[in-house]
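Working through the structure, step by step
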Amino acid sequence: MNEQANNQVAIVTGASRGIGAAVAKRLAQDGFTVVVNYAGSAQAAEAVVNEIVAAGGKAISAQADVSKAADARRLFDAAEQVYGGVDVLVNNAGIMNLATVAEFKDDEFDRLFDVNVKGSFNTMREAAKRLRHGGRVINFSSSVVGLLQPSYGPYAATKAAIEAATVVLARELRGRQISVNAVAPGPTATDLFLTGKSDELVDRLARLAPLERLGTPDDIAAAVAFLAGPDGAWINGQVLRANGGII
Ligand code: NDP
């Protein structure tokens, strides 16, 4: 199943479930050696690793809460110790909670920024110091940065921060042949999107895009694989909205 090994090592954060799990499997299929990061779901991460290995790929799981700087360092340490270096960082780990500006709760706001912004910065800092020449960073934004619906304020703000940081880091890495881009999915069928929504709401949101369905984790993994692989080599400092045309 996996293409010829390309000798490149990819860390995928939040790869135990949802989009991250699909990205890990797709990159392994494309020949990358994959570090499957998770925060709490050890069994699910191990299942992703087992699936990759059973298909002829190479992977390990690695626990790290990316919102903690020491954990982010430990994640890169683990990848370097086992595989000798890191070429690709996919900064997929993220959480979502929705609240109007009038109603947001301090602890939820802090956790959102800790995981989505600080978490991505913690791993970007390691990547900026440690990625091998020619590497790739693929961050995760969201199409809500374009849609800007009520109740998405704090979450959209975390993702707007990621879009800004993506371009800044692309410029800071001049001279190392490392590209930095972001993928911005639209509504995608995962726990993060589906939890707490009625079937009617999911159906309505699914039909907003001209392609009239939800994205699948594999749709998003394909966009990441493009940016991580040879065909994405000339893309740098960009945000790729993968959303069926919703915005
Ligand atoms: P899920 O909730 O399905 O999965 C989230 C993953 O992130 C899990 O593997 C989880 O690990 C991990 N994670 C959460 N917090 C941390 C942390 N502190 N450190 C390490 N890993 C962590 O989310 P999705 O797959 O839907 O989302 C993936 C990314 O895509 C996110 O950045 C999200 O914002 C973005 N996105 C999603 C959209 C959607 O509609 N689904 C739309 C636009 C953007 P564990 O299982 O161990 O908790």
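Residues numbered from 1 in each chain as written. Predicted model: local features only at pLDDT ≥ 70, side-chain atom pairs only at ≥ 80, totals over all residues. Heavy atoms only, no water.

1. Comments concerning the UniProt feature "domain: Ketoreductase" (unreviewed entry) in the chain
Listed under "domain: Ketoreductase" (unreviewed entry) in the UniProt record, and renumbered for this structure, are residues 8-186. Secondary structure across residues 8-186 divides into 50% helix and 17% strand, with the first and last C-alpha atoms of the span separated by 29 Å. (UniProt positions renumbered as here; feature names shortened; annotations may be inferred. Helix = DSSP H or I, 4+ residues; strand = E, 2+ residues; numbered from the N terminus.)

2. With respect to the site of the ligand
In the vicinity of the ligand lie 33 residues, with Ser16, Gly40, Ser41, Tyr155 and Thr190 positioned nearest. Ile19 is positioned such that a nitrogen or oxygen atom in its backbone is 2.8 Å from an oxygen atom of the ligand. A distance of 2.5 Å separates an oxygen atom of the ligand from a polar atom in the side chain of Thr190. For the ligand, whose unbound accessible area comes to 900 Å², protein coverage reaches 94%. Those elements that place two or more of their residues in the shell around the ligand are helix H1 (18-29), strand E2 (33-38), helix H4 (106-130), helix H6 (153-172) and helix H7 (191-194). Here the shell around the ligand is composed, by residue class, of 15 nonpolar, 13 polar and five charged. (Near = heavy atom within 4 Å. Polar contact = N/O pair within 3.5 Å; in protein donor to acceptor, adjacent residues only side chain to side chain. Areas by Shrake-Rupley, 256 points an atom, 1.4 Å probe, with all protein chains shown as cover. Nonpolar A, V, L, I, M, F, W, Y, C, P; charged D, E, K, R; others polar.)

3. Here's the deal with the pattern of salt bridges
Applying the stated rule across the entire model yields eleven salt bridges. Notably, a salt bridge pairs Arg17 with Asp191, separated by 2.9 Å at the nearest N-O pair. Of the two residues, Arg17 sits in the loop between strand E1 (9-12) and H1 while Asp191 sits in helix H7, which places them 174 residues apart along the sequence. The partner of Arg213 in a salt bridge is Asp219, with the nearest N and O atoms 2.8 Å apart. Judged by its relative accessible area of 31%, Asp219 falls in the partly exposed class. (Salt bridge = Lys/Arg side-chain N within 4 Å of Asp/Glu carboxyl O. Buried < 20%, exposed > 50% of the residue type's maximum accessible area, 1.4 Å probe, protein only.)

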